[in-house]
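Each chain is listed here by its residues.
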Amino acid sequence: LAERATVLRGLNGCAAMSNQPITPVILAGGAGTRLWPLSRKSYPKQFSKIIGTESLFQCTARRVGPSNRVQFAPPIAVTHQDFRFIVAQQLAELGLDSNTILLEPEPKNTAPAILAASLYAVRSDPEAVLLVAPSDHAMPDNDIFLDTVLLAMSGLKPDVIMTLGIVPDRPETGYGYLEIQAAPRVGPMPVARFIEKPTIVQATQMIRDGQFLWNSGLYLFHANTMLRAFERYAPDVLALVRAAVDQARPDLGFLRLAPDPWARCNSQSIDYEIMEKHTNIQCVSYCGDWTDLGEWDAVWAHCPRDHDGVGLGGNAHAVDCRDTLLRSESDAQQIVGLGLENIVAIATPDAVLVAHKNKGQDVKRVVSLLQAKNIPQADNFPKDHRPWGWFETLSLKERFQVKKIMVHPGAALSLQSHHHRSEHWIVVEGTAKVTINSTINLVSEGQSVYVPLGALHRLENPGKVPLILIEVQTGSYLKEDDIIRHQDNYARV
């Protein structure tokens, strides 16, 4: 630690370091199925408040936000097109601007995503330096993170790709590893090889050897270095992603990558496509707290626990339990554990998971089972997030549906109509501006309005507080594809 502090004091006094901007690339397209039922395809873990009062995505954005020690430029976020408004909203809640938000037409793993960000970055700055930051990791020690970035910058050269290696504190079979070529030291170290998830015997031996670090997935490089690496090791991917970026089109504040060339890309990780082949990979060790929160056991390990090792979230209670995680994700739902040991029990309004803590890696098998049976809870929440707010299905039967709807201040739903249903809106909080055909009215708390089948209608929130209403739909067909948008503030027509 003393040696590290000495090196950092020298780096912090280096003017050249402070003048080199770093553009973060926040990867926010993953699914996180092993944290089901809290993380699902429609709203994955990076956007959820798993630990603390901010989402993992927001914690990542804040970590690489404005700093008086490292000159971070506004980030490039790469996400699936379905999450574009969630990303924009969560950045706005932090008061942070983005360089741009690149929209993937479909998930293609980390290699095409990082390449797209690199191609985009060199358009405006041929000397751009990028820091790839997965958005679903927890790294609470921000000062140590900044120290490590400074150490990585000290060894960055045009032909080098730097990575942050996590100093392991246990044999872990759920992570990949980096083998360094020499004894660990402060500052950049050459990487000998990347190792996929090992067995417990292999992981134990690697910890004993002392020359292995966990692979964090955080990379620092000149964008042109990454382009040259793809040109050498994956030229076919480079051609397709370049076409997707060249043919991208603006969509409000986003940039949509072209779907046709993107669809022809292989879905592949950056480690497999580039890092395991590149001849000049170096790493610096990160010695702070870190986890990718890849399973519920990791959440248990990083949440507040009592003297019996019990972690509670929401309306959760424990009696005679040990080393157990209990969470309720609903204000109306209580969960009580009695006599449990090494158990994870997660309750959401529409699904409950009960599992042994050492089965965390197998939760994705649960999701696959539900998907095979066409059970909607496998992928979708009752709450559906939209650019104007959200709606939550409270009751659904053959010919009626009841929803709770929240509209952000100043936001508006599309001007729309339906072929198969009528709607009844009851305002319970705030004031709604309602358009029905040519009539516009303000509907206050406690009042209601009826939208006949086929009527042209729109709901807006003209106030400064969230608008909440209950919607009752009746008709022969109640799915979301019975929406004809005639005008929309979010370009969804």
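Predicted, not measured: the structure shown is a model, and the values here were computed from it.

Novice: Please set out the environment of Thr199 residue by residue, giving values where relevant.
Specialist: Inspection of the secondary structure puts Thr199 in the loop between strand 7 (189-195) and helix 7 (200-209). Along the sequence, Thr199 and Asp251 sit 52 residues apart, while their C-alpha atoms lie 46 Å from each other.

Novice: Outline the packing of helix 3 (residues 56-63) against helix 4 (residues 84-94), supporting the account with residue identities and numerical values.
Specialist: In contact at an axis separation of 10 Å, helix 3 and helix 4 are set at 55 degrees when each is read in the N-to-C sense. Relative to helix 4, the element helix 3 lies oblique. You can see that helix 3 and helix 4 cross each other, and the crossing is right-handed. Mapping the contact onto sequence places Phe57, Gln58, Ala61 and Arg62 in helix 3 and Val87, Gln90, Leu91, Glu93 and Leu94 in helix 4.

Novice: Give me the lowdown on the sheet that holds strand 16 (residues 343-348), citing residues and values where you can.
Specialist: Spatially, four strands are ordered 12-14-16-17 in an open sheet, and the strand pairing comes out mixed. Each edge of the sheet is formed by a strand with only one pairing partner; in this case those strands are strand 12 (311-313) and strand 17 (351-356). Strand-to-strand, the axes of this sheet are offset by a mean angle of 5 degrees, without reference to chain direction. Pairing analysis gives three bridges linking strand 12 to strand 14 (residues 325-328), with the strands arranged parallel. Pairing of Gly311 across the sheet is with Leu325, part of strand 14.

Novice: How would you explain the nonpolar core if you had to name every residue and give the values?
Specialist: Of all hydrophobic cores here, the largest spans 67 residues; its most connected members are Ile22, Phe72, Phe145, Leu220 and Leu459. Of all the elements, helix 6 (residues 142-154) adds the most residues to this core, at seven residues. Discounting chain neighbours no more than four positions away, the residues touching Phe72 are Ile22, Pro24, Arg63, Val64, Gly65, Ser67, Leu131, Phe145, Leu146 and Val149. Listed in part, the 50 residues of the second largest apolar core include Ile76, Ala113, Ala121 and Met189.

Novice: Lay out the sheet that holds strand 19 (residues 389-396) with the relevant residues and their values.
Specialist: Reading across from one edge, 18-19-20-27-22-25 is the order of the six strands in this open sheet, with antiparallel pairing throughout. Of all strands in the sheet, those bounded by a partner on one side alone are strand 18 (383-386) and strand 25 (448-451). Going across the sheet, the axis of each strand differs from the next one's by a mean of 20 degrees, ignoring polarity. Two elements, strand 18 and strand 19, share four bridges in a ladder whose sense is antiparallel. Each residue of the ladder has a partner; that of Asp384, found in strand 19, is Phe391.

Novice: Give a detailed account of the side chain of Gln473, specifying residues and quantitative values.
Specialist: By the secondary structure assignment, Gln473 is in strand 27 (residues 467-475). Accessibility expressed as a relative area gives 0% for Gln473, which makes it buried. A distance of 2.7 Å separates a polar atom in the side chain of Gln473 from a polar atom in the side chain of Glu471. Contact partners of Gln473, with chain neighbours within four places excluded, come to Arg399, Phe400, Gln401, Lys403, Arg421, Ser422, Glu423 and Leu478.

Novice: I'd like a description of the confidence of the model for the protein, backed by residues and values.
Specialist: Looking at the protein as a whole, its pLDDT mean stands at 92, while 96% of the residues score no less than 70. Throughout residues 13-18 the model reports pLDDT below 50, and contacts reaching past four residues in sequence, or to other chains, amount to five contacts.

Novice: Give a description of the environment of Lys383 that names residues and reports values.
Specialist: Among the structural elements, Lys383 can be located in strand 18. Lys383 sits in the partly exposed class, given a relative accessible area of 30%. Taking the C-alpha atoms as reference points, Lys383 and Thr393, 10 residues apart in sequence, are found 6.6 Å from one another.

Novice: With reference to specific residues and values, describe the pattern of salt bridges.
Specialist: Tallying each qualifying case throughout the model produces 20 salt bridges. Across the salt bridge formed by Glu179 and Arg193, the nearest N and O atoms sit 2.4 Å from each other. Linking Glu179 in strand 6 (residues 177-180) with Arg193 in strand 7, this pair joins segments that are 14 residues apart in sequence. Where salt bridges share partners, they join Asp384, Arg386, Lys403 and Glu480 into one cluster.

Novice: I'd love a proper account of the pairing of strand 8 (residues 212-222), names of residues and values included.
Specialist: With 10 of 11 residues buried, strand 8 lies mostly within the body of the structure. Bridge count between strand 4 (residues 129-134) and strand 8: four bridges; the pairing is antiparallel. Note that in strand 8 the partner of Leu130 across the bridge is Phe221. As defined by bridge partners, strand 5 (residues 161-166) adjoins strand 8 across five bridges and the pair is classed as antiparallel. Along strand 8, the bridge assignment pairs Ile161 with Phe221. Taken together, the three bridges between strand 6 and strand 8 define a ladder with antiparallel strand orientation. Residue pairing across strands places Tyr177 opposite Trp214, the latter belonging to strand 8.

Novice: I'd like to hear about the environment of Asp488, residue by residue, with values.
Specialist: In this structure, Asp488 sits in the segment after strand 28 (484-487). A relative accessible area of 12% means that Asp488 is categorised as buried. It is 24 Å that separates the C-alpha atoms of Asp488 and Gln401, two residues lying 87 residues apart in sequence. Among the polar contacts made by the side chain of Asp488, one reaches the main-chain amide nitrogen of Tyr490 at a distance of 3.0 Å. A distance of 3.2 Å separates the side chain of Asp488 from the backbone nitrogen of Ala491, its partner in a polar contact.

Novice: Explain a nonpolar patch on the surface to me, using residue names and the numbers behind them.
Specialist: On the surface, Val319, Val336 and Leu338 cluster together into a nonpolar patch covering about 290 Å² of accessible area. Looking at the secondary structure, you find Leu338 in strand 15 (residues 335-338). According to the relative accessible area criterion, Leu338 is exposed, its value standing at 62%.

Rules used in this analysis
Residues numbered from 1 in each chain as written. Predicted model: local features only at pLDDT ≥ 70, side-chain atom pairs only at ≥ 80, totals over all residues. Heavy atoms only, no water. Helix = DSSP H or I, 4+ residues; strand = E, 2+ residues; numbered from the N terminus. Axes fitted to C-alpha atoms, helices over the stretch in contact; angles between N-to-C directions. Parallel < 35°, antiparallel > 145°, perpendicular 65-115°, else oblique. Left-handed = near helix turned anticlockwise from the far one by under 90°. Contact = heavy atoms within 4.5 Å. Pairing = 2+ DSSP bridges. Core = buried A, V, L, I, M, F, W, Y, C linked by side-chain atoms within 4.5 Å. Buried < 20%, exposed > 50% of the residue type's maximum accessible area, 1.4 Å probe, protein only. Polar contact = N/O pair within 3.5 Å; in protein donor to acceptor, adjacent residues only side chain to side chain. pLDDT = per-residue confidence, 0-100. Salt bridge = Lys/Arg side-chain N within 4 Å of Asp/Glu carboxyl O. Patch = residues over 30% accessible without salt bridge, like charges linked within 9 Å, V, L, I, M, F, W, Y side chains within 5 Å. Areas by Shrake-Rupley, 256 points an atom, 1.4 Å probe, with all protein chains shown as cover.

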